[in-house]
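Next come the chains, spelled out residue by residue.
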Amino acid sequence: MNPYPHLFSPVRIGGLTARNRIESAPGSMGDLTPEGYLTRENVAAYEVKAGGGAAIVTIGESNVHTKTGKAHGRMVPLDDDEVLPSLINTTDAIKHHGALASIELIHPGRRANPRYYDGPIYGPSAGMGPLGVPVTELDEEHIEEIVEAFGDAAEMAKLGGVDLCMVHAGHGWLLHQFLSPLNNQRTDRFGGSLENRGRFALLVLENIKKKCGADFPVEFRISGSELTPGGFDLDDMVAFAGMLDGKLDLLNVSDGTFHVPSTNTTMVPSMFLPHGCNAYLAAAIKKGVRHTKVAALGWVTKPILQACVDGWLPSGLGVLTVKHKIPYVILTLLYLESLAPIFFEFNISTIGNMAVILNNVLFALVCFSAVRLTTRVPELWAQSRFHVSTGTLKFWSVLGGVATLGQTLLLFSVLKPYEMVGNGVVLVTAAGYAVMRKRSGKVHMEISYEEA
Ligand SMILES: Cc1cc2nc3c(=O)[nH]c(=O)nc-3n(C[C@H](O)[C@H](O)[C@H](O)COP(=O)(O)O)c2cc1C
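The model shown is predicted, which means the values in this text are computed figures rather than measured ones.

## Topic: the overall build of the protein
Scanning the protein for helices and strands turns up 15 helices and 15 strands. Scored against the burial criterion, the 452 residues of the protein give a buried share of 45%. Of the contacts made within the protein by residues no fewer than 6 positions apart, 75% connect residues no fewer than 24 positions apart.

Here is the structure:
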């Protein structure tokens, strides 16, 4: 049986079908030509990713408007039509393996580097830039020019054979700078409220759709949080995702900002961080959208990710039940079976009534833990084939708890002294185990985040 039915199933992204849910993140290459054109080595590197099975292969940073900013020498110039032959070579190689080709569109804003560009350094607001060069506030005329440049760049990319494009609105690039209260102190329609700070990004999205067609899929890469006091946080980005919902096709959730180096730790996570360390951001943002698809990233090296769920034994049981799909029918039968000795007056031995008590305790715990899972790890719950409502689970939990108590009292009333001791030992051991697990802190569970 395929343990990852979602991961390897096709998914619609705008007007396209991706063959699975694996996207190769944008990775800029160090050996472009001096003009920024893609070389044979670059083509080979992207081809390997497509051949490896990814559904979407994203070519790294391209520059949309060199006239108003360029950050470094590894940016593919999408405002230069000479780029087309090398772009077509690359997208052909990607598509040859059945993957969709994408490219990342960037305007650096405050991150423009005078080594590669000799115009003014533009940003949402004036101030000192990260490279020690004063920043000039973008006026509306220039904002409109850059909006058009994003649309033109996407059109150029489409001519170059890309199937969709990724607009970089995270990591501290220009669209991120507008979103960030740390960089944006404007008082016009591009500053202040989240709606105003997000306006630039939305205009870019509209312009690309206008020039490339409504069915040309657009992906945004955002930082799910700036992870910095005074910056935008996850709640802001959940709200921003809501603003994009239905207009944008795919949302790629990264985190952090280049402007605060400590946040780069999780932006490009090392092997020492937990698997899928940024997936919580994508999971929260996914709840804020209904139509736009959401992609998680960051140290996603295997489909099963580690999730840390604050809990103890019952959660663990719930995971066993839900993940391994132990049907509630079986649990219910077990429970009913455990009632039999009482109603049919079987001759209950010590072993027998110990089993009855344990059986009921287990049943109650499983139900209780499944109730908790629905709120603690909704993604896991959503994967279960055995959906029952939270109300039903609560009902069975309460029933299991009350019945266990009643049964125990009944049993104790008919027990012989040595049976009392036997059952007492069982109960004390079970209670001791539960307390021990509770005190041991968090339970690490493996959950599949395929859907995020
Ligand atoms: C060598 C390298 C190049 C990268 N180039 C880009 C890039 O051009 N644009 C971008 O947005 N992210 C870039 N990233 C970040 C990745 O796209 C990705 O977000 C990050 O590595 C976290 O995902 P991972 O843990 O799966 O690698 C790069 C990362 C690496 C290691």
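Still more to cover.
## Details of the site of the ligand
Among the 17 residues in the neighbourhood of the ligand, the closest are listed as Ala25, Pro26, Gly27, Ser28 and Gly60. Listing elements by their share of the shell around the ligand, those giving two or more residues are strand S3 (23-27) and strand S4 (56-63). Per element, the largest residue contribution to the shell around the ligand is 3 residues, and it comes from S3. Taken together, the residues that form the shell around the ligand break down as 7 nonpolar, 7 polar and 3 charged.

## Description of the packing of helix H1 (residues 40-51) against helix H2 (residues 84-96)
The contact between H1 and H2 brings their axes to 8 Å, and the two run at 20°. Here H1 is positioned roughly parallel relative to H2, judged by the angle of their axes. Helix-helix and strand crossings are classified by hand; for H1 and H2 the assignment is right-handed. Of H2, the residues touching H1 (which contributes Asn42, Val43, Tyr46, Glu47 and Ala50) are Asn89, Thr90, Ala93 and Ile94.

## Quick notes on the sheet that holds strand S8 (residues 127-128)
The strand order S7-S9-S8 describes an open sheet built from 3 strands, whose pairing is mixed. Two strands close off the open sheet at either side, each with one partner strand: strand S7 (121-123) and S8. Across 3 bridges, S7 lies against strand S9 (residues 134-137) in parallel orientation. Residue pairing across strands places Gly123 opposite Glu137, the latter belonging to S9.

## Looking at the pairing of strand S12 (residues 250-254)
Extensive coverage of S12 is indicated by the burial of 5 of its 5 residues. Here S12 shows a buried face lined by Leu250, Asn252 and Ser254 and a second buried face lined by Leu251 and Val253. After leaving strand S11 (residues 218-223), the chain enters helix H7 (residues 234-244) and then returns to the sheet as S12, a path that is right-handed. Summarising the sheet, S12 and strand S13 (residues 293-296) pair through 4 bridges and their orientation is parallel.

## A word on the pairing of strand S10 (residues 164-169)
With 6 of its 6 residues buried, S10 lies for the most part within the structure. By the alternation rule, side chains of S10 split into Leu164, Met166 and His168 and Cys165, Val167 and Ala169, which are all buried. The pairing of S10 with S11 spans 5 bridges and is classified as parallel. Directly across from Val167, in S11, lies its bridge partner Phe220.

## Focus: the nonpolar core
One finds Leu105, Phe150, Cys165, Val167, Leu175 and Leu251 to be the most contacted residues of the largest nonpolar core, which totals 83 residues. Counting residues per element, this core draws most heavily on helix H3 (residues 140-159), at 9 residues. Judged by nonpolar contacts, the second largest core, of 11 residues, contains Phe363, Val366, Cys367 and Leu393.

## Concerning the packing of H7 against helix H9 (residues 279-287)
Close contact between H7 and H9 brings their axes to 8 Å; oriented N to C, the two are set at 45°. If you check the angle between H7 and H9, you find them oblique. When the axes of H7 and H9 are compared, the crossing they make is right-handed. Here Leu234, Met237, Val238 and Ala241 of H7 come into contact with H9, specifically with Leu281, Ala284 and Ile285. Within the contact of H7 with H9, the residues separate by chemical class into 7 nonpolar, no polar and no charged.

## With respect to unusual backbone geometry
The phi torsion at His171 lies on the positive side, around 60°, for a residue other than glycine. With respect to the helices, strands and loops of the structure, His171 is situated in the loop between S10 and helix H4 (174-179).

## Structural notes on the environment of Tyr117
With respect to the helices and strands, the residue Tyr117 is situated in the loop between strand S6 (100-106) and S7. Beyond its immediate stretch of four places on either side in the chain, Tyr117 contacts Thr66, Gly69, Lys70 and Ala112.

## Remarks on the environment of Gly52
Structurally, Gly52 is set in the loop between H1 and S4. A sequence separation of 28 residues divides Gly52 from Ser24, and the C-alpha atoms of the two residues are 9.8 Å apart.

## What to know about H1
Along its 12 residues, H1 runs 16 Å from first to last C-alpha, staying within 8% of the 16 Å computed at 1.5 Å per residue. By the burial criterion, the buried members of H1 are Asn42, Tyr46, Glu47, Lys49 and Ala50. Taken down its axis, H1 places every buried residue within 155° of arc, on the same side. Across from the buried face of H1, at angles greater than 90 degrees, the exposed residues are Arg40, Glu41 and Ala44. Looking at the buried residues of H1, the elements they touch are S3, S4 and H2. At the exit of H1 stands Gly53, carrying a positive phi of roughly 115°.

## Considerations on H2
Over its 13 residues, H2 extends 18 Å from the first C-alpha to the last, a length consistent with the 18 Å expected when each residue adds 1.5 Å. For H2, the complete set of buried residues consists of Ser86, Leu87, Asn89, Thr90, Thr91, Ala93 and Ile94. Buried residues along H2 sit against H1, S4 and S6. Among the residues trailing H2, Gly98 stands out with phi positive, at a value near 85°.

## Some details on the confidence of the model for the protein
Here the protein averages 83 in pLDDT, and 76% of its residues register 70 or above. Counting interchain partners and residues more than four positions distant, the pLDDT-below-50 stretch residues 303-314 has 41 contacts.

## So, the environment of Ile121
With respect to the helices and strands, Ile121 occurs in strand S7. Taking the C-alpha atoms as reference points, Ile121 and Pro134, separated by 13 residues in sequence, lie 7.0 Å from one another. When neighbours within four sequence positions are excluded, Ile121 is seen to be in contact with Arg110, Ala112, Gly129, Val133, Val135 and Thr136.

Calculation criteria
- Residues numbered from 1 in each chain as written.
- Predicted model: local features only at pLDDT ≥ 70, side-chain atom pairs only at ≥ 80, totals over all residues.
- Helix = DSSP H or I, 4+ residues; strand = E, 2+ residues; numbered from the N terminus.
- Buried ≥ 20, exposed ≤ 12 C-beta atoms within 10 Å, placed from the backbone.
- Contact = placed C-beta atoms within 7 Å.
- Near = placed C-beta within 6 Å.
- Nonpolar A, V, L, I, M, F, W, Y, C, P; charged D, E, K, R; others polar.
- Axes fitted to C-alpha atoms, helices over the stretch in contact; angles between N-to-C directions.
- Parallel < 35°, antiparallel > 145°, perpendicular 65-115°, else oblique.
- Left-handed = near helix turned anticlockwise from the far one by under 90°.
- Pairing = 2+ DSSP bridges.
- Right-handed = clockwise from strand over helix to strand, strands pointing away.
- Core = buried A, V, L, I, M, F, W, Y, C linked by C-beta atoms within 7 Å.
- Expected span 1.5 Å × (residues − 1).
- Arc of directions from axis to C-beta.
- pLDDT = per-residue confidence, 0-100.

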